[in-house]
Amino acid sequence: MARGKLRIYLGAAPGVGKTYAMLSEAHRRAERGTDCVVAFVETHGRARTEVMLRGLEQVPRREVVHRGAVFTELDLDAVLARRPEVALVDELPHTNVPGVRHTKRWQDVEALLDAGIDVVSTANIQHLESLGDVVESITGVRQRETVPDEVVRRADQIELVDMSPEALRRRMAHGNIYQPDKVDAALSHYFRPGNLTALRELALLWVADRADEYLQRYRSEHRVRRIWGSRERIVVGLTGGPEGRTLIRRAARLAEKGAGGEVLAVYIARGDGLTAASPKELAVQRTLVEDLGGTFHHVLGDDVPAALLDFARGANATQIVLGSSRRKSWQYVLGPGVGATVARESGPDLDVHIVTHGEVAKGRGLPAARGARLGRSRVAWGWFAGLGGPLLLTPLLSSVHLGLANDVLLYLALTVAAALLGGLYPALASAAAGSLLLNWYFTPPVNRFTIADPRNIIALAIFVGVAVSVASVVGLAARRTHQAARLRAESEILSFLAGGVLRGETSLEALLERVRQTFGMDSAALLERAGDTDPWTCAGRAGSGPPVGRPEEADVDVPVGDHMALALTGRVLPAEDRRVLAAFAAQAAVVLDRRRLREEADRARALAEGNRIRTALLAAVSHDLRTPLAGIKAAVTSLRADDVAWSDEDQDALLEGIEEGADRLDHLVGNLLDMSRLQTGTVTPLIREIDVDEVVPMALVGVPEASVELDIPETLPMVAVDAGLLERSMANLVENAVKYSPPDRAVLVAASALGDRVEVRVADRGPGVPDAAKERIFAPFQRYGDAPRGSGVGLGLAVARGFAEAMGGTLDAEDTPGGGLTMVLTLRAADPGGTPMAAYGASTTEERQAR
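Predicted model only: the values in this text are computed from it and were never measured.

Participant: Would you explain the pairing of strand E16 (residues 556-559) in this entry?
Facilitator: On any regular strand, side chains alternate: one points to one face of the sheet, the next to the other face. The pairing of E16 with strand E17 (residues 564-569) spans four bridges and is classified as antiparallel. Note on E17: the bridge partner recorded for Asp-557 is Ala-567. Counting the residues that bridge the hairpin from E16 to E17 gives four residues, and of these Gly-561 lies at a positive phi of roughly 75°.

Pasting the structure below:
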């Protein structure tokens, strides 16, 4: 099955028209006969967006209950069963409510694509995971819902929905994005012109980079070698010397002169791993390049000019910046140098800049050749075979007389043995000793270093050539074997690091212990400091070595940026080990940042939840609790006044006002306490078999007598509930219904049996609630519509649902036929078989915990 195609409408901020554009595309496809459905689209109450949904098939959403509230999410199974050609999925970075198949909506989209369904989706630039820090620095808001960049990059089409900041602010002011009560705050904070301009630039640059990736892919697939100068790309050739910093700064200045200029610093390392570059200097230059907005690249290549030109052409670069050669004058006899070769072979599309610097003509060291890595004992045996073997063989051959040809072969066998055991140098020594002994003792005239027969000269020459060739091959094989083993070890280490990233391992101490064990060090520590002059502090360490106060005090230190370093004590590591150590250092910095971000997120989440509750409580105390207190105080003050003679009717009215205020206070405080019990999980219902008609009348105390009409048959089965919790739930439901129902229309409370359930319906004839808001009215501190502040703190329905679920029931809202809202309380009927109450209550509690 072919994978589906993904199209993403990307915007700089909410309200630019991503969902509208997505729905317009759906209408265009539907008109062409494409089977297109709306899997999930969030209109946010925007009228123009809701109009665009007309005429499109919508897959019903899945309802998920979480923490006493019902949420709607994308029904992945329903969409897969429907199998449309195209599915519309809004808000790609959305985090799903716990209880569905995937944690993130983009994972749902991946499942649809894997099933061969094309997907059209939307996202904002601030939700890209890699841009979280940048967006936070611009807006001051940390985005909690993010989508991995790779998911968006893999999209087959990315279309930017752009709008100028001025036009977007006009849309906001006209009420086309947020509700009127949120417009002023949005315009003053997130939707400031500076924020919108920065986010728009971020979106434009990101999309431009993606377009550049597509261009590079096209050039690679079509093998386009000619450079297309669509934008200035400047490649800086680095050697690892101190002049690299000058070249990088020069390239950055060149890039600033052109719009969209880009700097790519590249270091060409020899394929055999031999290098004369300083790892610490390369790390400093990498940091400098990244600070200036460029990128650093490490490339292997034995032919430095060819590798540099291949990289430049592959990156579609337009300029190359190189430093003047550090070679001395006599070294030009060996060749023209990298700069001259690159300039000669660059062609007409690449400009080459040769930059002077302070290291010109000062010379540079050549890389030292590595040993054969054969081991000391093996090399010692090689020297013994190479020198001692010919000395022992000569007396034996002098007494046997096998002939010159056989003598040469025997000496050659010793040379080969020396090469196999000790490598190149013992073999060369054996060849030299063997040739001299053959010439002196066995080549006529004997006892003289002269050769009479020219054929013997050829034999000795072949002998020496074969010996040197075999020794070279053995030495090269030993070196390649050592390199292969080392590269395998490095690949295993890097694979471990990559696996740790994928697994989300965040233990800094475990990573440092791995570093210490891998390189055989005494201790490993990650040091950091806030600024260039601040003291170093230890963010984490492993091992038993002495503590390190500064990176310079360690045996090995690897810088990670400007203010962080990985320090190890125990021994000095060779340069070849520092490459892998740099990967460990970068991973340690990532782990530390991830740990701190997670801690900050946890603290921020706790603070946000606490602030939300405190704000709601303060709002309740500031008005809803103070109003009845003020009424009670005014009535009491009036009754105690000595200068006024109150009639009996006036006194009764004032006392009635005091009683009403006290009842109101009691109700509000009771709801606040009940909600606190629900949120802390301390509600433990006592389940008993009770008749509904015994509890419901008790819940009507406090409402006008003619405002409620009861329809509860006596034949209803008994219900397994907590009588107190049911009474409180019904009281809140009836009070809410009476509040919104017209005075001349009574609230109907009816009950009926459905299988093993009993439904209690509380129907009012008020204005009703639209479907989109039916779940929000059950959230704490929520009042629907224009409810006055004095009508409660918005906890009644939340408490009612919490108590209903604590008893194993449910509470939902639906429309009343003819207008109004009906609350449907579903309760579990008692076991007709007479199950003991203790067992019944236990099973109910276990089922509730399982849910």
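Participant: Would you mind going over the packing of aromatic side chains with me for this structure?
Facilitator: Aromatic ring pairs are reported here in terms of the distance separating the ring centres and the angle at which the planes meet. Evaluated as defined, the whole model comprises two aromatic pairs. Over the aromatic face of Phe-40 sits the side chain of Arg-61, whose NZ or CZ is 4.0 Å from the ring centroid. If you follow Arg-801 out to its NZ or CZ, it ends over the ring of Phe-778, 3.9 Å from the centre.

Participant: I keep staring at the sheet that holds strand E8 (residues 157-161) and nothing clicks. Help me out?
Facilitator: As summarised here, the arrangement of the six strands in space is E3-E2-E6-E7-E1-E8, forming an open sheet in which the pairing is parallel. Both edges of this open sheet fall to strand E3 (57-58) and E8, since each of them pairs with a single strand only. Against the sheet, helix H1 (residues 18-31) makes contact with strand E1 (6-11), strand E2 (36-40), strand E6 (86-89), strand E7 (118-124) and E8, and its axis sits at roughly 145° relative to E1, the strand it touches most. Helix-sheet contacts for helix H4 (residues 105-114) involve E1, E2, E6 and E7, and the interaxial angle to E6 is about 180°.

Participant: Looking at this model, I keep getting lost on a nonpolar patch on the surface. Mind explaining?
Facilitator: Among the surface-exposed residues, Trp-381, Phe-384, Leu-392 and Leu-421 lie close enough to one another that they form a single nonpolar patch of about 470 Å² accessible area. When residues of the nonpolar patch are assigned to their parent elements, the largest contribution, three residues, is made by helix H14 (residues 376-400). In this fold, Trp-381 is placed in helix H14. The exposure class of Trp-381 is exposed, given its relative accessible area of 55%.

Participant: Any chance you could explain the packing of helix H15 (residues 404-422) against helix H16 (residues 424-442) here in plain terms?
Facilitator: Working note: a packed helix pair is described by the angle between its axes plus the distance between those axes. Running from amino to carboxyl end, H15 crosses H16 at an angle of 165°, the nearest separation of the two axes being 7 Å. Taken together, the axes of H15 and H16 lie roughly antiparallel to each other. The interaxial crossing formed by H15 with H16 has right-handed handedness. Contact residues: H15 offers Leu-404, Asp-407, Val-408, Tyr-411, Leu-414, Thr-415, Ala-418, Ala-419 and Gly-422, while H16 offers Leu-424, Pro-426, Ala-427, Ser-430, Ala-431, Gly-434, Leu-437, Leu-438 and Phe-442. Among the residues making up the contact of H15 with H16, the classes are represented as 13 nonpolar, four polar and one charged.

Participant: Whenever I open this one, the nonpolar core confuses me. Can you help?
Facilitator: Most often, soluble globular proteins have nonpolar side chains that are buried together. Core analysis: the largest hydrophobic core is formed by 62 residues, its most contacted members being Leu-88, Leu-112, Ile-125, Phe-191 and Trp-206. When sequence neighbours within four positions are dropped, the list of residues in contact with Leu-112 reads Leu-76, Val-79, Leu-80, Ala-87, Val-89, Ile-117 and Val-119. Grouped together as the second largest cluster of nonpolar side chains are 41 residues, Val-719, Leu-733, Val-749 and Leu-811 included.

Participant: Help me understand H4, please; the structure alone is not making it clear to me.
Facilitator: Given 3.6 residues per helical turn, the α-helix brings residues three or four places apart onto the same face. Burial runs high along H4: eight of the ten residues are buried. Among all positions of H4, only Arg-105, Trp-106, Asp-108, Val-109, Glu-110, Ala-111, Leu-112 and Leu-113 are buried. Directly beyond the C-terminal end of H4, a positive phi value near 85° is found at Gly-116.

Participant: Before we go on, may I ask you to explain the pairing of strand E23 (residues 810-815) in this structure?
Facilitator: Pairing of E23 with strand E24 (residues 821-828) involves six bridges; the strand directions are antiparallel. Paired with Thr-810 across the two strands is Thr-826, which belongs to E24. Connecting the antiparallel pair E23 and E24 is a turn made up of five residues, with Gly-818 showing a positive phi of about 90°.

Participant: So what exactly am I meant to see when it comes to unusual backbone geometry here?
Facilitator: Excluding glycine, a negative phi dihedral is what most residues carry, and trans is how most peptide bonds are arranged. Within the chain, Arg-83 stands out as a residue other than glycine whose phi angle is a positive 50°. Overall, the relative accessible area of 43% leaves Arg-83 in the partly exposed class. Phi at Glu-91 is positive, roughly 55°, even though this residue is not glycine. Position of Glu-91 among the secondary structure elements: in the loop between E6 and H4.

Participant: Would you explain H16 in this entry?
Facilitator: Compared with an ideal rise of 1.5 Å per residue, which puts 19 residues at 27 Å, H16 spans 26 Å between its outermost C-alpha atoms and is within 8% of the ideal. Residues of H16 that are buried include every one of Pro-426, Ala-427, Ala-429, Ser-430, Ala-431, Gly-434, Ser-435, Leu-437, Leu-438, Asn-439 and Phe-442, and no others.

Participant: What should I look at first to understand a positive patch on the surface in this one?
Facilitator: Side chains of Arg-249, Arg-250, Arg-253 and Lys-257 sit close together on the surface and give a patch of like positive charge. Relative to the elements of secondary structure, Arg-253 occurs in helix H10 (residues 244-256).

Participant: Mind showing me how you'd approach a negative patch on the surface here?
Facilitator: A cluster of like negative charges, contributed by Asp-648, Glu-649, Asp-650, Asp-652, Glu-656, Glu-659, Glu-660, Asp-663 and Asp-666, occupies part of the molecular surface. In this structure, Glu-659 sits in helix H20 (residues 648-680).

Definitions and limits used
Residues numbered from 1 in each chain as written. Predicted model: local features only at pLDDT ≥ 70, side-chain atom pairs only at ≥ 80, totals over all residues. Heavy atoms only, no water. Pairing = 2+ DSSP bridges. Helix = DSSP H or I, 4+ residues; strand = E, 2+ residues; numbered from the N terminus. Phe/Tyr/Trp six-rings, centres within 6.5 Å; stacked < 30°, edge-to-face > 60°. Lys NZ or Arg CZ within 6 Å of the ring centre and 35° of its normal. Contact = heavy atoms within 4.5 Å. Axes fitted to C-alpha atoms, helices over the stretch in contact; angles between N-to-C directions. Patch = residues over 30% accessible without salt bridge, like charges linked within 9 Å, V, L, I, M, F, W, Y side chains within 5 Å. Areas by Shrake-Rupley, 256 points an atom, 1.4 Å probe, with all protein chains shown as cover. Salt bridge = Lys/Arg side-chain N within 4 Å of Asp/Glu carboxyl O. Buried < 20%, exposed > 50% of the residue type's maximum accessible area, 1.4 Å probe, protein only. Parallel < 35°, antiparallel > 145°, perpendicular 65-115°, else oblique. Left-handed = near helix turned anticlockwise from the far one by under 90°. Nonpolar A, V, L, I, M, F, W, Y, C, P; charged D, E, K, R; others polar. Core = buried A, V, L, I, M, F, W, Y, C linked by side-chain atoms within 4.5 Å. Expected span 1.5 Å × (residues − 1). Lys, Arg positive; Asp, Glu negative; His and termini not counted. Charge placed at Lys NZ, Arg CZ, Asp CG, Glu CD.

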